[in-house]
Amino acid sequence: MIHAQDLTKSFADLQRGSVNALDHVSFDVQPGEIYGLLGPNGAGKTTCLRIISTVLRPTSGSAVVAGYDVATQPEEVRARIGFMSGNTGIYDRMTAREMVEYFGRLYGLEEDALQQRIEEIFETLQMHEISDRLGSKMSTGMKQKVSIARTIIHDPPVLVFDEPTTGLDVLVARAVVKAIESLRDQGKCIIFSTHIMREVEKLCDRIAIIHKGKILATGTIDELESEYDEPDMEELFFELISRNDAQVAAELA
Amino acid sequence: MSWRRIKLIFQREIRDQMRDRRTLFMIVILPLLLYPAMGVGVAKMMSLFQDQPRTVVVLGEGELPEHPKLIQPAKAGEKGPRRFVEGWFGLFSEADKLDVYTESMLPRAGDVKADPKLKQLLADAKRIRQKYEQREKLASTPGRTKAEIELVKRQLGVLFSTSQIQVLIIVPDGFGGNIAEVNRLLREKSRDTEVVPDYGRPIIMHNKADKKSQIAYRRVSRAVSAWEQGILSERLSAAHLPATMTTPVNAEAVDLAQVEDISQSLWSLLFPALLIIMSVTGAFYPAIDLAAGEKERGTMETLLICPASRTEIVIGKFLTVMTFSISTAILNLLSMGLTGNFMMSTLGGGIFGQINNLAPPSLSALLWVIVLLIPLAALFSALCLSLATFAKSSKEGQYYLTPLLMVTLGLTVICLSPIVEIDWFTSFMPVVGPALLLKELLSPQGNAATLVYAIPVLATSVIYSMLALWWAIELFSREDVLFRESERFELGLWLRHLLREKEATPSFTEGVVCIVLIFFLQFGSLKFHGGLDPTAPLQALKLQMTYLVVAIACPALFMAVMLTKSVRQTLRLRWPSGTMIGLALLLAVALHPLSLELQANLEWFFPQLPPSVTKQLAALTSDELPLWFMLLALAVTPAVCEEVAFRGFIMSGLGHSHRKWLPIMLSALAFGLIHTLPQQMFNATLVGVVLGLIVYHSRSLVPAILFHLIYNSLGILRGRIGTTWIEDSPAEWFFAADGGAIRYEWPTLLIAAVVAVALLRWLLAQPVGDSTSASANAKLPIESDVNVKTSVRV
């Protein structure tokens, strides 16, 4: 349901000149699986996910999400995905219910269906107590719940999560991970970026290791571990990164 | 575009703003409280600052005529300053505002101690009198240098200003006696009156530059004039002459102004100015909050992933800002109006004389205020939203919006001037048009004829608002604006980047900078060639040529060489196909008569040229100059210079992101504006568009240069060929004579129009091969041209 082909994104930076945030990135994600993007900071994870969710436009390459091209039919794509990241804040002066209702209406849900869905989601995420609380008065955990509710209000087939557990405590992070798992079990197509190994091991069906805009390796965890003969994900990760850096240095020399 | 979604966004934003305590305070509470508070403050201040009495010293009181009395005689034992006789003042209370000190107030020696202030004043007065006499003597003696006289004058001035005296009256010796003498002569109808020499006149010394002295002087001079009238009437009655002898005419002034009219002219001045200021300030804060604030609070990304398109988001925000702008304006006006009315009726008098009750504006006036408020609010809302989008934080947003506030304040001041009126030309200007129209409609003399201006004003206002809104939408579609990281600006790095990492063609910003540079150079060059001497046309033409080369061609060439890798590509210096050359020549010939007649017919629209300018223009095109030189100066040089600049560097820069119409229109607009005469501006813009199209489709600058050359040459030649061959020949059908220059009749215009339209259509149908794209477009599998915009280059 997500098909990325040679996605490239370049910026011009005064100090560094032309920078390739993404360099010919390609991958596929199927429904009912969680695809993990693993990489250090500045690897290009956020850029990649923003392109997939039509927030940014690719310099070249293409991406097809839920059957629609992100560059030519962004509105169709946006209607079929749910995006959540550390940067998708909630409105301070809206209550949880108002926020979810607002987005539900924007997505075109009918009033009755919308109300029913809100009830369901509030029940699942146990949000009834914050239903009428203003955003500014919520704790981080509550804000995340509202964000999740906002993300899934229109029951999208594709979900994009960009480091969704950043800054959350153990309990809340666990709740988020559980929620993502249940969404996968419902058959959603999920792409998920992180740099926390535990989450990778718990959640991801397949992963891609991305560094400086390039995908260094991709496959299921078992495949990667056997290929590089490294049972520890963390070590595997470091191995690949350092190997790539050495290669780049050798090429420049 | 879904109006349902726009409505959803609009409703959410409004609700959000209304929940913000700060917004509510600024928009609702503040106006309602501010003006009454200010009113109370002003009233308190006015009661605190009573009009201070001013000091008048009179030397030589004893020489004043016995009656009628000028100065109130001092009552025995009375201390303190004296007063002028009340009767000489229009308002009796004014007499109390002048403290009069005379020498007679000094007590006799040995009596009660004299008031030191009185002593000081009189001593100063005597010194001033002495200095004054010295100056008079100097001025009348021949052989004194100017410097000496200046010195004494300055000393006199210093003495006066350092003393505490606001007005000094010096009565010469024998004044009273002289007046009595003339009275006597008149009474006895003696023949000797004719030979009465003029006698010394009193002197009233004051300093107009000192406000206090000025006020005192006005009062004193009014009183003295009234007193003089008193002396005169006594003189006439003593001589048995009619009192009206000196005022044979004394016309009676009849003022037809009603109270409503006076109020109305007040509203007509105040409302437009207030409307502008209020709608800008009302749009200011909501715009910052909705654009920059969104980024600050981290909800920008949440907004961008919702199903609404960027256009819908911007329109929703725009409507929110506009609502607040209109509400602010109306609330402020209401509050100000009510407070002002209240204050006028309680405090009354004062500045407005006898107006104690301002009539409130009529219903139709209020209606017009609302109608014209809407386009103003729309324009400001869109502009504020655009500027606020650039900012990364609310603080930065305020930095961007403050210049807008300055500009609008400037425009407001212009509109307040009574000289500036609505006419066809001003009705097309953005903010000034609605303001002037409102001023006219609100004034009591407003006649129905001004309503006709409502059409262009409203139409252009809508267009300008939509342009501003389009710009806001453009900005919201740019990632580099929405996701701006804070940059650390380093001058060295930036310069190095600019000069080393050059592209083949200039960037958009460089194009704009070139335009700005040319305008500045033009402004600066006004000093040198603004005053063309009509008697030296050759010199004037040379100056004109120099100006074109220096102010127009040089910046473009300089920037092209310094900032781009390929001057050839930037200026499109390649040889075009023969067809294109032929097209350019034909088009120039076809468009010339059309453009000429258009300009002649539009003369009524533009402001009149002052006669000095018309003379200069006539001199430039006179028959005495050699034709080849005129062609060189007025056709060849402008063709080359202006094309290199406007269709060369500037259009390449503006077309950096491979757009077609934006660079053509903007460069044509700049080209039009660079012409100093308003009459030429409109035509020049139109021609600029044609030239832009030629350059775009032929991918070469040469046809444009040729077009420009032929076009200008035809304009010159029509005045030089002579018109005698037209008369009494079949050519009469096609041409006409207009004072030595050729004009064109309908058949010619028709043919020209047909040819021009055909040529233009053929031109527009030509395939687009943009020379500056290299093969960049070929690599992209995605067709939409918006992709290329995303590469950032400042």
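Right above here is the structure, for reference.
Structural notes, computed from the coordinates. As the structure is a prediction and not an experimental result, all values here were calculated from the model. (Residues numbered from 1 in each chain as written. Chains lettered and ligands numbered in written order. Predicted model: local features only at pLDDT ≥ 70, side-chain atom pairs only at ≥ 80, totals over all residues. Heavy atoms only, no water.)

### Some points on the overall build of chain B
The helix and strand inventory of chain B stands at 26 helices and 6 strands. For chain B, with 794 residues in total, the buried portion stands at 45%. Pairs at least 24 apart in sequence give 75% of the contacts found in chain B among residues at least 6 apart. Here chain B displays about 41,600 Å² of accessible surface, and carbon together with sulfur accounts for 65% of that area. (Helix = DSSP H or I, 4+ residues; strand = E, 2+ residues; numbered from the N terminus. Buried < 20%, exposed > 50% of the residue type's maximum accessible area, 1.4 Å probe, protein only. Contact = heavy atoms within 4.5 Å. Areas by Shrake-Rupley, 256 points an atom, 1.4 Å probe, with all protein chains shown as cover.)

### Details of the packing of aromatic side chains
Taken as a whole, this structure holds 11 aromatic pairs over all chains when the rule is applied. When the centroid spacing of 6.0 Å and the interplanar angle of 50 degrees are considered together, the rings of Phe237 of chain A and Phe238 of chain A count as tilted. For Phe238 of chain A, a relative accessible area of 45% puts it in the partly exposed group. By the ring-pair criterion, three or more aromatic residues cluster together here, those being Phe390, Tyr400 and Trp471 of chain B. A cation sits over an aromatic face here: Arg150 of chain A above Phe103 of chain A, 5.6 Å from the ring centre. Residue placement shows Arg12 of chain B over the ring face of Tyr102 of chain A; its charged tip is 5.7 Å from the ring centre. (Phe/Tyr/Trp six-rings, centres within 6.5 Å; stacked < 30°, edge-to-face > 60°. Lys NZ or Arg CZ within 6 Å of the ring centre and 35° of its normal.)

### Structural notes on the pairing of strand β9 (residues 206-211) of chain A
Residues and elements named next belong to chain A. For β9, the buried fraction is high: 5 of the 6 residues fall into the buried class. When β9 meets strand β10 (residues 214-220), the two strands line up antiparallel, connected through 6 bridges. Across the sheet, the residue bridging to Ile210 is Ile215, located in β10. Taken together, β9 and the strand that follows it, β10, pair antiparallel across an intervening segment of 2 residues, in which Lys212 is found at a positive phi of about 50 degrees. (Pairing = 2+ DSSP bridges.)

### Some points on a nonpolar patch on the surface
All names here are of chain B. Taken together, Phe508, Val512, Val516, Phe520, Leu666, Leu669 and Leu673 make up a surface patch of nonpolar side chains, about 580 Å² in accessible area. Going through the elements one at a time, α16 (508-529) and α22 (661-674) are the ones with two or more residues in the nonpolar patch. Per-element accounting of the nonpolar patch gives the leading share, 4 residues, to α16. Residue placement: Phe520 occurs in helix α16. You can call Phe520 exposed: its relative accessible area is 57%. (Patch = residues over 30% accessible without salt bridge, like charges linked within 9 Å, V, L, I, M, F, W, Y side chains within 5 Å. Salt bridge = Lys/Arg side-chain N within 4 Å of Asp/Glu carboxyl O.)

### Details of the environment of Leu538 of chain B
Residues and elements named next belong to chain B. With respect to the helices and strands, the residue Leu538 is situated in helix α17 (residues 537-563). The class for Leu538 is partly exposed, based on a relative accessible area of 37%. Along the backbone, Leu538 and Val413 are 125 residues apart, and their C-alpha atoms lie at a distance of 42 Å. With residues near it in sequence (within four places) discarded, Leu538 still touches Leu625, Pro626 and Phe629.

### Describing unusual backbone geometry
Residue and element names in this part refer to chain A. Positioned with a positive phi, Thr54 is a non-glycine residue whose angle comes to about 65 degrees. Mapped onto the elements, Thr54 comes out in the loop between α1 (45-52) and β4 (60-65). Among the residues examined, Thr54 registers a relative accessible area of 6% and is labelled buried. Positive phi values are uncommon outside glycine, yet Gln126 reaches one of about 55 degrees. Relative to the helices and strands, Gln126 is located in the loop between α4 (111-125) and α5 (140-152).

### With respect to the packing of α4 of chain A against α5 of chain A
Residues and elements named next belong to chain A. Packing of α4 against α5 brings their axes to within 11 Å, and their N-to-C directions diverge by 140 degrees. Accordingly, the angle class assigned to the pair α4 and α5 is oblique. The handedness of the crossing between α4 and α5 is right-handed. Contacts from Arg117, Ile121 and Leu125 of α4 reach α5 at Lys145, Ile148, Ala149 and Ile152. Its residues placed into classes, the contact of α4 with α5 shows 5 nonpolar, no polar and 2 charged. (Axes fitted to C-alpha atoms, helices over the stretch in contact; angles between N-to-C directions. Parallel < 35°, antiparallel > 145°, perpendicular 65-115°, else oblique. Left-handed = near helix turned anticlockwise from the far one by under 90°. Nonpolar A, V, L, I, M, F, W, Y, C, P; charged D, E, K, R; others polar.)

### Observations regarding the side chain of Glu225 of chain A
All names here are of chain A. With respect to the helices, strands and loops of the structure, Glu225 is situated in helix α8 (residues 221-228). The buried charged residue Glu225 lacks any salt bridge partner; its closest oppositely charged side chain belongs to Arg198, at an N-O distance of 11 Å. With near-sequence residues (within four places) excluded, Glu225 lies in contact with Glu230, Pro231, Met233 and Leu236. (Lys, Arg positive; Asp, Glu negative; His and termini not counted.)

### As for the state of the cysteines
One covalent bond between the sulfur atoms of two cysteine residues makes up a disulfide. Residues and elements named next belong to chain B. In total, this model carries 0 disulfides over all chains according to the counting rule given. In this model Cys514 remains outside any disulfide bridge; the closest cysteine sulfur is found in Cys554, 11 Å from its own. Judged by relative accessible area, which is 0%, Cys514 ranks as buried. Here Cys641 stays free of any disulfide, with the sulfur of Cys554 as its closest cysteine sulfur at 8.0 Å. Under the relative-accessibility criterion, Cys641 is labelled buried at 4%. (Disulfide = S-S within 2.5 Å.)

### Details of the pairing of strand β2 (residues 98-102) of chain B
Residue and element names in this part refer to chain B. Along β2, 5 of the 5 residues are buried, which leaves the element largely enclosed by surrounding structure. Residues Leu98, Val100 and Thr102 point to one face of β2 and Asp99 and Tyr101 to the other, with burial holding for every one of them. Pairing of strand β1 (residues 54-59) with β2 involves 5 bridges; the strand directions are parallel. Residue pairing in the sheet places Arg54 in a bridge with Leu98 of β2.

### Focus: the interface of chain A and chain B
Each partner contributes residues to the interface: chain A has 39 residues there, and chain B has 38 residues. Both faces combined, the contact of chain A with chain B buries some 3,800 Å², and carbon together with sulfur accounts for 55% of it. Residue Asp20 of chain B is joined to Arg93 of chain A by a salt bridge in which the shortest nitrogen-to-oxygen separation is 3.9 Å. If you look at where chain A meets chain B, you find 16 residue pairs in polar contact (both at pLDDT 80 or more). Among the secondary structure elements, those contributing two or more residues to the side of chain A that touches chain B are β1 (2-13), β4, α2 (74-80), β6 (81-85) and α3 (96-106) of chain A. Broken down by element, the residue count for the side of chain A that touches chain B peaks at 6 residues, all from α3 of chain A. By residue class, the composition of the side of chain A that touches chain B is 16 nonpolar, 13 polar and 10 charged. (Buried area = accessible area lost by both parts, 1.4 Å probe. Polar contact = N/O pair within 3.5 Å; in protein donor to acceptor, adjacent residues only side chain to side chain.)

### Some words on the nonpolar core
Ile2, Phe27, Val65 and Ile191 of chain A are the most contacted members of the largest nonpolar core, which has 151 residues in total. If you look at the next biggest cluster of nonpolar residues, it comprises 52 residues, including Leu583, Ala590, Val687 and Leu763 of chain B. (Core = buried A, V, L, I, M, F, W, Y, C linked by side-chain atoms within 4.5 Å.)

### Let's talk about α22 of chain B
For α22 of chain B, which comprises 14 residues, the first-to-last C-alpha distance of 20 Å matches the rise-based estimate of 20 Å (1.5 Å per residue) to within 8%. Those residues of α22 of chain B not exposed but buried are Pro663, Ile664, Ser667, Ala668, Ala670, Phe671, Gly672 and Ile674 of chain B. (Expected span 1.5 Å × (residues − 1).)

### Some words on the sheet that holds strand β8 (residues 189-194) of chain A
Residues and elements named next belong to chain A. If you trace the 6 strands from one edge of the open sheet to the other, you get β6-β7-β8-β3-β9-β10, paired in mixed fashion. Because the sheet does not close on itself, it has two edges, and the strands there are β6 and β10. Recorded for the sheet is a direction-independent mean angle of 15 degrees between the axes of neighbouring strands. Where strand β3 (residues 34-38) and β9 come together, 4 bridges link them in parallel fashion. For Tyr35, the partnering residue across the bridge sits in β9 and is Arg206. Of the strands in this sheet, β6 and β7 (158-162) touch α5, which is tilted by about 160 degrees from β6. Contacting β3, β7 and β8, helix α6 (residues 170-185) crosses the sheet at an angle of about 150 degrees to β8.

### Notes on the sheet that holds strand β4 (residues 203-205) of chain B
Residue and element names in this part refer to chain B. Taken in spatial order, the 4 strands make up an open sheet running β2-β1-β3-β4, and their pairing is mixed. Two strands bound the open sheet, and with one partner strand each, they are β2 and β4. Going across the sheet, the axis of each strand differs from the next one's by a mean of 20 degrees, ignoring polarity. In the packing of helix α6 (residues 211-238) onto the sheet, the strands contacted are β1, β2, β3 (167-170) and β4, and the crossing angle to β3 comes to about 40 degrees.

Treat this as a map of the structure, not an account of what it does.
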